[in-house]
Structures are given as structure tokens and as C-alpha cells.
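Observations on chain architecture
Residues per chain are reported as follows:
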Amino acid sequence: MIQPVANGLRTDHPVPGLPFINDERLLLDNPDAIERTGRNQGGLWGRTDRLRGGGWVAFTTETKNRDYAWAVHQHPEHGRTVLLIHDKDMSGLHHEWMYGNNGFLYRHGGYWWDGTRWYRPQQVVDRAYEGYDARPVADAVTVTAIDALARPATPHTARVVKIADFTAPEEPLPHWREHLALWASHRTPGSRPLDQCTIDLQAPELDPARLVDRAGLAQIAELKLEDLPHPKHGRKDLPPPQAETAEGPRWSRPVARDWAEQYRRTHGPEKLLSATTAFGTEQPRGLVEDHNRLTKIIADSLEDAEESKNRLFTRGSTTRREEQAAHLAWWPAVAINDGTDGFIPLDAVRTTIVEAVLGGLARDVEDLDDSTGVFLGDIRRGVVHLIDWYILREPRLAPALFGEICLDARVRFGLDPKDVGALLRRSLHLDSGLDHQTLNALLDLALPPSAQSPDGL
């Protein structure tokens, strides 16, 4: 997560705990001027873009303190956000504001506000929409500046910081309410009313007493504690924390559950469709089946060779012959299943599957004016068998395969991902070689959230 280090004095939506910096040098009504401040200025950077729904974003390196940069988001309805961030974070925040589909205000480790409601950090991928599934926060309450200023004051002298000698604080400012009051005193006539300046959110799930530590995260994800990434070395592989404590990060339970769901979606298909090789290792079931089949073929050939007294092979016991066959069969099996340089181009197989399914869908919708109420005929048996073959050899790519089918069906034909997900379930249950229990578990993991039916049908 990109962490801002200070609020601009003229922001409409201050981030709690951060100091206020004098931003009078920024021409906040002229995004092109903000961009020009740093654009092509000897190692500096500047950028401005118009937002699709109206408004704009603008960024520039701060010339008087080049470790930092200004980021400005001008919303057509909800006013401006002015943040000071680390200079290295400019491109990341630019991407989030422009393409993240996750609002424009971020609090508590990625909780985001789109001007209407609050959502949890984006974690669960929905490939049918090429993004993340938006998860609303239950019982969220938006805290405005007027709410925050209603709290009791404390004897503390706040000040507006100058950029030239600014250093980002390591901890949230104490007595921040007094800093907020100083910010409010600098509001000019015509500024956004304080009851429309969003400061924070409150929700039962963000109660500090309800947050969980690594042990709680592991329990929710049904993982051993030692199997979790360690915060010191694998922070990017953990969910964004809602709080940092001396003992380590803390997460809300819904964020932990979302992370656990995505972890299962990422790792579950591979685990579900694995088998044990003759050497005692876990591999994709399709590879193991190919290896076992090749082992039998080679073992039978060795037996025939011994019976015909072929001197190329030494006579041995049945167990010895099977061991030789297993070793001889392993690398041919791997070569068959190697998608990068193998006998069978797995990327081409995937493309063929997608286009075959879409071809069937095209026939279903071609004579209709819209996709409402379209009956989707079953996927052809040969295509289902090819889906089986592919996912048994590339189980980790099953979510990408099904996601691509749902995405293309939505974009090309306007089909609801739920209808396409139901078609995949129905067709696989009819003709797949996998047992129904395994299929249900796989589809629960691999279909995009938007393609899941509440009743699992």
C-alpha cells in the first residue's frame, strides 16, 4: 500500500494522523501547471491526466525536497485531495487513481471510498471483469471533519509544516485533532463545507479489539503459522494491515477472510488436482497419469525384451523392472507436459479451448437482439474432455482459463458471468472425467466471484 506522509493544507479530505504542509506553491486550479513543475526538470517528474468520470489527477516532484512529491485528485463532485507522498510512489498512486477502480480515498490499509460507500481492500480477483471483486464494509459510518472536531480539545500547539525542512514522521501525530482544527481555521470562503470533508470511517470490523494477528490470520486461512509469509520478508504476500503494533501487523477479520479466499483460489486448484508420483513427490495429476502410463508401456517393453533375450536390457525382478521403467518414463512425461518447450503447446491448447467455448456461445446468441434470457447450450463433449486434459496438467491456471472464458463472453456477447459460470458447471458435470465432489470444489475455487451462483448451481 502507498502510504502518504502529509496532507496539503488545502486538501478537502485530510488523512488522520498526518501533519499539514503549506501547499501554497501548487496551482490547484491548474493541473497542467502542477505537471510542469516537475516535468522534464532534470531528474524530476510530473504528470496530469483527465479522469473518465470527470475531474483530473496531477503529480509533481517537490523541487525543494526531492524525496517527496505532491499528488492531487480533483473529483467533480467531492472536491480535492492533496497529499504529499514519497517521490518513488508517484507512478503507483497514479495507477491506482487512474485505473484501480478503487475510489480515491484510502484509509486503514486500503479501505477505500468512492464518494458513496466504503469497501474493503481489493484482494479477490474477478477475471471476468479484469479486476477485483468489490466488497462493501458492513455498517460503515463516514467520519467527517465536523465529527472529528466535535471531540474534546487537548492542550497542544499545532503548526503548519514547511516543505523545505520536512521529514516524514514515523508515527501518527499525537493530538491530531488540534492539527485538524488549525487546518479548519485556514479554510477560505467557498471551501467545501466541513460536514462534506471526509476524514475516516468507523465500522465494527475495525474495532482494535477485533483485529487479528498472524496466528489469527493463519487460523482463518486454515494454514500452519509457519506456512504464512513472514512480515519481515514477505509483506507483499500478506493482506494490507489495518494497524501496526509493536508485536506486528493486525488485520480485520473480513480482510483476513478475503485474503484467505484469494489464497485458496490461487493455490487450491493445484492442490486439489495433484497426485503422488512414483518417487513420492506431489505433481499435477495429469503429469502423474502420463508418467504412470508411460511407465507401464516401458515396463511391458522391458519385459518383452527380456523374454526375447534382448541384450540391451539386463534381466531383473518385476520390482526392478518397474523402477527402471519409472525412471525412463519420467522425463518423457515431463516433456509432454512442459508448456514452454514441450511436445504439446499448452498456451495454444488454452486458446483453442477458449475459442471453442466462445464459438458455441456465438451460436446461441447470434439470432437474438440481446443476451437477456438466452439459453446457453451445453459445451460439446470433446471440448469438455480437452478442458479436463488441460486443467489436470496446469491446475494452477484453471482460474485464468475460466476467467478468460467469462471475460470474453461478457465483452463479446454481453453475457452475464453467472450464466457462463452455470454453463461451465453444467457441462463439466455432464461430461468431465472428474468426480462431482472434485469438480464442485474446483469450480468454487476457479470460477470468478461474479460467475458464482449463490446456490452453487
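Note: the structure precedes this text.
Residue positions are given per chain, counted from 1 along the sequence in the order it is written. Residues qualify for local features only when their pLDDT is at least 70, as the model is predicted, and side-chain atom pairs are given and counted only at 80 or more; totals for whole chains, interfaces and linings, by contrast, use all residues. Just so you know, side-chain values use all the structure's heavy atoms and leave hydrogens and water out.

The buried fraction of strand S13 (residues 198-202) is high, at four of five residues. By this definition, two strands are paired if DSSP reports at least two bridges between them. A run of H or I in DSSP becomes a helix once it reaches four residues, and a run of E becomes a strand once it reaches two; helices and strands are each numbered from the N terminus. Sheet topology places strand S12 (residues 141-144) next to S13; four bridges connect them, and they run antiparallel. Within S13, the position partnered with Thr144 by the bridge is Thr198. We call a residue buried when its accessible area falls under 20% of the maximum for its residue type, exposed when it is over 50%, and partly exposed in between, using a 1.4 Å probe and counting protein chains only.

With that settled, the discussion passes to the sheet that holds strand S8 (residues 111-113). If you walk across this open sheet you meet the three strands as S7-S8-S9, and the pairing is antiparallel. For this open sheet the edge positions go to strand S7 (105-107) and strand S9 (118-119), each flanked by a neighbour on one side alone. Pairing of S8 with S9, which is carried by two bridges, proceeds in the antiparallel orientation. Bridging from a neighbouring strand, Trp112 pairs with Tyr119 of S9.

This part covers empty space enclosed by the protein. Buried and open spaces are told apart on a 1 Å grid over the protein atoms alone, a cavity being a set of points where a 1.4 Å probe fits but cannot get out and a pocket being an open set with protein on both sides within 12 Å along at least five of seven lines. Residues with an atom within 4 Å of a point are the lining residues. Grid points are joined across faces, edges and corners, and a volume is the space filled by probe spheres set on the points. Within this structure, the stated rule accounts for one cavity of 30 Å³ or more. Reported here for the largest cavity is a volume of approximately 60 Å³. Lining the largest cavity are Val125, Asp126, Arg127, Gln262, Arg265, Pro399, Leu445, Ala446, Leu447, Pro448 and Pro449. Of all elements in the fold, only strand S10 (125-126), helix H6 (253-272) and helix H13 (436-446) reach the threshold of two or more residues within the lining of the largest cavity. Residues of the lining of the largest cavity, tallied by class, amount to seven nonpolar, one polar and three charged. All amino acids are sorted into three groups, where Ala, Val, Leu, Ile, Met, Phe, Trp, Tyr, Cys and Pro are nonpolar, Asp, Glu, Lys and Arg are charged, and the leftover types, Gly among them, are polar.

For our purposes a nonpolar core is just a set of buried Ala, Val, Leu, Ile, Met, Phe, Trp, Tyr and Cys residues, chained together by side-chain atoms within 4.5 Å. Within the largest apolar cluster, 37 residues are counted, with the highest numbers of intra-cluster contacts made by Leu361, Ile387, Tyr390, Ile391, Leu401, Phe402 and Leu424. The element contributing the most residues to this core is helix H9 (residues 346-365), with eight residues. If sequence neighbours within four positions are ignored, Ile391 has contacts with Leu273, Ala398, Leu401, Leu434 and Leu442. The contact definition used throughout considers only heavy atoms, calling two residues in contact when any of these lie within 4.5 Å.

Right, let's talk about the layout of surface pockets for a bit. In this approach, a probe sized like a water molecule rolls over the atoms, and the result shows the empty space that is left. Quantified by volume, the second largest pocket comes out at close to 320 Å³. Lining of the second largest pocket is provided by 15 residues; of these, Leu51, Gly53, His73, Trp97 and Gly103 occupy positions nearest its centre. For the lining of the second largest pocket, the element with the most residues is helix H2 (residues 90-99), which contributes three residues. For the lining of the second largest pocket, the residue count by class is five nonpolar, seven polar and three charged.

Salt bridges, as used here, are contacts in which a Lys or Arg side-chain nitrogen is within 4 Å of a carboxyl oxygen on Asp or Glu. Tallied over the entire structure, the rule returns 20 salt bridges. Notably, a salt bridge pairs Asp12 with Arg187, separated by 2.8 Å at the nearest N-O pair. Of this pair, Asp12 sits in the loop between strand S1 (6-8) and strand S2 (20-21) while Arg187 sits in the loop between helix H4 (176-185) and S13; the two residues are 175 residues apart in sequence, bridging distant segments of the chain. Pair check on accessibility: Asp12 and Arg187 agree, each one buried. Residue Arg425 is joined to Asp444 by a salt bridge in which the shortest nitrogen-to-oxygen separation is 2.6 Å. One end of the pair, Arg425, is in helix H12 (residues 417-431); the other, Asp444, is in helix H13, and 19 residues separate them in sequence. For Arg425, a relative accessible area of 4% translates into the label buried. Through salt bridges with shared partners, a single ionic network connects Arg120, Asp133, Arg135, Asp258, Glu261 and Arg265.

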